[in-house]
Amino acid sequence: MNQRKILVTAALPYANGPIHLGHLVEYIQTDIWVRFQKLRGHNCLFMWADDTHGTAIMIRARKEGRSEEEVIAEANAEHQRDFAGFQIQYDNYGSTHSDENKKLCGEVWQSIRDSGLVKEKDVDQLFDTEQGTFLADRFVRGTCPECNAEDQPGDNCSKCGTTYSPAELINPVSTLSGSTPEIRTAKHLFIELEQLHEFLEEWTQSGDHLQPEVANYLRGHFLGDPQSTEGAKPLRDWDISRPAPYFGFEIPDCPGNYWYVWFDAPIGYIASTQQWCERNGDTLDNWWKNDAAEIHHFIGKDITYFHTLFWPGMLKSAGYSLPTKVHIHGFLTVNGEKMSKSVGTAFKANTYLDHLPPAALRYYYASKLGSRLDDIDLNFDEFISKVNSDLVGKVVNLASRSAKFVKDTGLSANYPDDGGLFESAAKAGDEIAKAYENCDYNKAMRLILELADKANPFVENAEPWNLRKDPAKAQELQDVCTVALNLFRQLVIYLSPVLPDLAEKTGELLNDPLIHWDQSQTPLTGNPVSKFKHMMKRIEEKDVRAMEEASKIEAEQEAAQTENNSEQFADSEQPMIDEPMTDECTIEDFMKVDLRVARIVNAEHVEGARKLLKLTLSLGGDHRKQVFAGIKAAYEPDQLVGRLVVMVANLKPRQMKFGLSEGMVCASGPGGEEVFLLTPDEGAKPGQRVH
RNA sequence: GGGGCUGUAGCUCAGUUGGUUAGAGCAGGGGACUCAUAAUCCCUUUGUCGCGGGUUCGAGUCCUGCCAGCCCUACCA
């Protein structure tokens, strides 16, 4: 077999948060593919890194009062801890905030400049004057200019679906500071992607670089179809720079401006390779400028266009190899629902590991992952039954029901007649390998389990537990167990990209490490058999429940914390809907209303009145006012006497059924029992005017 | 608003270039066994293939309309 050179990447985890089970779909998918390629004897590297730049990390560092470097170093350590826990094995783990990356970004940038793809344009963007930063869309909320729905995101309205720019919002508010941002104009650099249209059309639509539905998506959405009546659509310019302040790399020939995070992030793949090369005496060109080397990216469908349009464009301009294939997967849902942090279904990697074994999730994902973009669902009932019945009940059971009968004798010296079981399973290896290669892991798992379903009946019919009772049948017993253990070993080799742990334990059991796919093609004979130890535990429902519970508690704690930070108040907009804002008034208008602090010196029920209380208010000295207030349902007179309120002191007196009312007390609320009197802060004195 | 994908047994999914009575695993029911982590083995029930049209000798498979779900929509869909 020709040894292939294969470089693999997974999307770079963002250094602003923990790894959760959704991320792990991709990372486990990638790890399985890499392990598979290595097992087949190929020269395969998994190059990975943290994605560290952008506004989000800058803001977070600022809020926590530490440097961005500290924030990303902590994330890096946490990420690598989680990956180790899930047995995800990479050859290098870098960071986009590295010297190597900075240098490479500069080189790529220069070639793009030299190709004449860069142009300057002025861009209007909202600027938070308190935080001193431009605001990305997701940091702005405001009233929809179309339907007047309040508290809508910066890019489109969740009520009416209109899309707009954040600058068009009525009453925009920065979610960072709560202040009103202003529009500022700044120079941005753009890459004219349209110049690469023909190349991208060619690259995306031919050569099996993309799954067919992705190629369709790109054509329908961005590129247009040159054959159709509408023809090709021009690609939009890509805004590649951000003005200071920004956490990232400053653009060398454009001081005060930084590369947008999506420029330097994918270059991080190359930078990570560079680090590996330096450590291993290899050269970058050997991997990134070599037609004999394949490059495979694994990503989620949300970042499709970055990897299928911008990234190939960048690589092309800079003279690097283009991706051999971009493998795109769907998202994870939990029990049929979108993962949700607040509900606690965004299970963190280390929360899972506190309660459950990594192999279980690896197998479960493998059994659900196909080569397409469908979302996969994590259903815990299915999870439990799949792991228990497939792995423990069928696969591991083969070893645990036969190993101890040959503990003293070891495997037979010659492989016995097994009715062709081993041979046909060996032949199935090609189809299983093909399924792995195509990322059809669910198919691979199905094929492997079919083999296990044939192996168990063999043991059943051979009845080793009866054979051992008759010393004359010792050879037969050894032969039966030799077959059972070889079929088991074969299955474990096929499963080893998914279950490296099981492969290792099987190697120990049979005193022959499993390191190559081809070991599945030849039976193992004559080897001693070690004492059988449990290889995999059944999943208990209570452990799953414990994890769910732990995750829910974490979610609640986090929610409580955000509330304490008064970071974001999720107040209802109902009051504003019930009583929309009135027309603008001038300061002169306002000054006509004489608001005064007043003390309630007497409060009493009014005979015959359903809603009213009669209040006597003191403005200090002898200034007294009598007011009838509609607060009977909300307050007892006793509660009121003595307290300070705010009143409209110069309101024209009004003759009411029960007497003259000489003002109003200020209160909010819709009425009835929901009336809330305004109280000045401590220190206010009756008679003081409210400005 | 535009676009992509999906819709097959209670659940998770297979169904190759359209070709006989539509399959598997799990779950459910019955039995066997006791070596094994209440594991295993045998037998067994279940389908208006989302709905409606069309092409065809023949459609789960191709075309079309509709419905439902999921996802995407670059600081201008």
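Residues numbered from 1 in each chain as written. Chains lettered and ligands numbered in written order. Predicted model: local features only at pLDDT ≥ 70, side-chain atom pairs only at ≥ 80, totals over all residues. Heavy atoms only, no water.

### Quick word on the confidence of the model for chain A
Inference 1: Here chain A averages 86 in pLDDT, while 91% of its residues score no lower than 70.
Inference 2: If you check the scores for this complex, the pTM reads 0.81 and the ipTM reads 0.88. (pLDDT = per-residue confidence, 0-100.)

### Focus: helix α2 (residues 55-64)
Inference 1: Here α2 has its buried residues at Thr55, Ala56, Ile57, Met58, Ile59 and Ala61.
Inference 2: Looking at the buried residues of α2, the elements they touch are α3 (68-85) and β5 (133-134).
Inference 3: Among the residues trailing α2, Gly65 stands out with phi positive, at a value near 65 degrees. (Buried < 20%, exposed > 50% of the residue type's maximum accessible area, 1.4 Å probe, protein only. Helix = DSSP H or I, 4+ residues; strand = E, 2+ residues; numbered from the N terminus. Contact = heavy atoms within 4.5 Å.)

### Notes on the pattern of salt bridges
Inference 1: Enumeration over the complete set of coordinates arrives at 33 salt bridges.
Inference 2: With its nearest N and O atoms 3.8 Å apart, the salt bridge here joins Asp408 to Lys407.
Inference 3: Several salt bridges share partner residues, and in doing so they unite Arg60, Glu64, Arg66 and Glu74 into one network. (Salt bridge = Lys/Arg side-chain N within 4 Å of Asp/Glu carboxyl O.)

### Some thoughts on the sheet that holds strand β4 (residues 118-128)
Inference 1: Taken in spatial order, the 4 strands line up as β5-β4-β9-β10 in an open sheet, and their pairing is antiparallel. Two strands lie at the open edges of the sheet, namely β5 and β10 (238-239), each paired on one side alone.
Inference 2: Taken together, the 2 bridges between β4 and β5 define a ladder with antiparallel strand orientation. Each bridged residue has a counterpart across the sheet, and for Phe127 the counterpart in β5 is Phe134. (Pairing = 2+ DSSP bridges.)

### A look at the sheet that holds strand β14 (residues 325-329)
Inference 1: Here 5 strands make up an open sheet; going across it, the order is β3-β2-β1-β13-β14 and the pairing parallel. Taken across any chain shown, the strands that pair with only one partner, and hence form the sheet edges, are β3 (92-95) and β14. Pairwise comparison of adjacent strand axes, ignoring direction, gives a mean angle of 25 degrees for this sheet.
Inference 2: Here 4 bridges tie strand β1 (residues 5-10) to strand β2 (residues 43-50), and the two strands are oriented parallel to one another. Its bridge partner being in β2, Leu7 is matched across the sheet by Leu45. (Axes fitted to C-alpha atoms, helices over the stretch in contact; angles between N-to-C directions.)

### With respect to the packing of helix α12 (residues 380-400) against helix α14 (residues 441-462)
Helices that pack against each other are described as a pair by the angle of their axes relative to one another and the distance between those axes.
Inference 1: Packing of α12 against α14 leaves a shortest axis separation of 9 Å and a crossing angle of 55 degrees. Comparing the axis directions of α12 and α14 gives the class oblique. The handedness of the crossing between α12 and α14 comes out as left-handed. Mapping the contact onto sequence places Asp390, Gly393, Lys394, Val395, Asn397 and Leu398 in α12 and Leu449, Ala452, Asp453, Ala455, Asn456 and Val459 in α14.
Inference 2: Considered class by class, the residues forming the contact of α12 with α14 number 6 nonpolar, 3 polar and 3 charged. (Parallel < 35°, antiparallel > 145°, perpendicular 65-115°, else oblique. Left-handed = near helix turned anticlockwise from the far one by under 90°. Nonpolar A, V, L, I, M, F, W, Y, C, P; charged D, E, K, R; others polar.)

### Focus on the domain arrangement of chain A
Inference 1: Parsing chain A into structural domains produces domain 1 (1-117 + 192-329), domain 2 (123-191), domain 3 (377-521) and domain 4 (588-677).
Inference 2: Using C-alpha coordinates to define each centre, domain 1 is positioned 66 Å away from domain 4. (Domains from an automatic or database assignment.)

### A few points about the nonpolar core
Inference 1: If you look at the biggest cluster of nonpolar residues, it comprises 164 residues, and the most contacted ones within it are Leu24, Trp288, Tyr365, Phe383 and Tyr436.
Inference 2: At 13 residues, the largest contribution of residues to this core is made by helix α16 (residues 474-495).
Inference 3: Both domains that furnish three or more residues to this core are identified here as domain 1 (1-117 + 192-329) and domain 3 (377-521).
Inference 4: When neighbours within four sequence positions are excluded, Trp288 is seen to be in contact with Leu7, Tyr269, Ile270, Thr273, Ile295, His297, Trp311, Leu315, Tyr320 and Ser321.
Inference 5: Formed by 18 residues, the second largest nonpolar core is a distinct cluster that contains Ala603, Leu640, Val645 and Met647. (Core = buried A, V, L, I, M, F, W, Y, C linked by side-chain atoms within 4.5 Å.)

### Here we look at the state of the cysteines
Inference 1: Inspection of every chain in the model, using the stated rule, returns 0 disulfides.
Inference 2: Cys277 carries a free sulfur, and the closest cysteine sulfur to it, the one in Cys44, is 14 Å from it.
Inference 3: Judged by its relative accessible area of 3%, Cys277 is buried. (Disulfide = S-S within 2.5 Å.)

### Quick look at the side chain of Ser241
Inference 1: Of note, Ser241 is situated in strand β11 (residues 241-243).
Inference 2: Judged by relative accessible area, Ser241 falls into the buried class, the value being 0%.
Inference 3: Of the polar contacts made by the side chain of Ser241, one reaches the backbone nitrogen of Leu189; its length is 2.8 Å.
Inference 4: The residues contacting Ser241, other than those within four sequence positions of it, are Lys187, His188, Leu189, Ile251, Asn257, Tyr258 and Tyr260. (Polar contact = N/O pair within 3.5 Å; in protein donor to acceptor, adjacent residues only side chain to side chain.)

### A short note on the packing of α16 against helix α17 (residues 500-509)
Inference 1: Where α16 meets α17, the axes come as close as 10 Å, and the angle between the chain directions of the two elements is 150 degrees. Classified by the interaxial angle, the pair formed by α16 and α17 is roughly antiparallel. When you trace α16 past α17, the crossing you get is left-handed. Every residue of α17 that contacts α16 at Leu485, Phe488, Arg489 and Val492 is listed here: Leu502, Ala503, Thr506 and Leu509.

### Brief notes about the pairing of β3
Inference 1: Alternating positions in β3 separate into two faces, Asn92 and Gly94 on one and Tyr93 and Ser95 on the other, with burial throughout.
Inference 2: Relative to β3, β2 is paired through 4 bridges, and the arrangement is parallel. Each residue of the ladder has a partner; that of Met47, found in β3, is Asn92.

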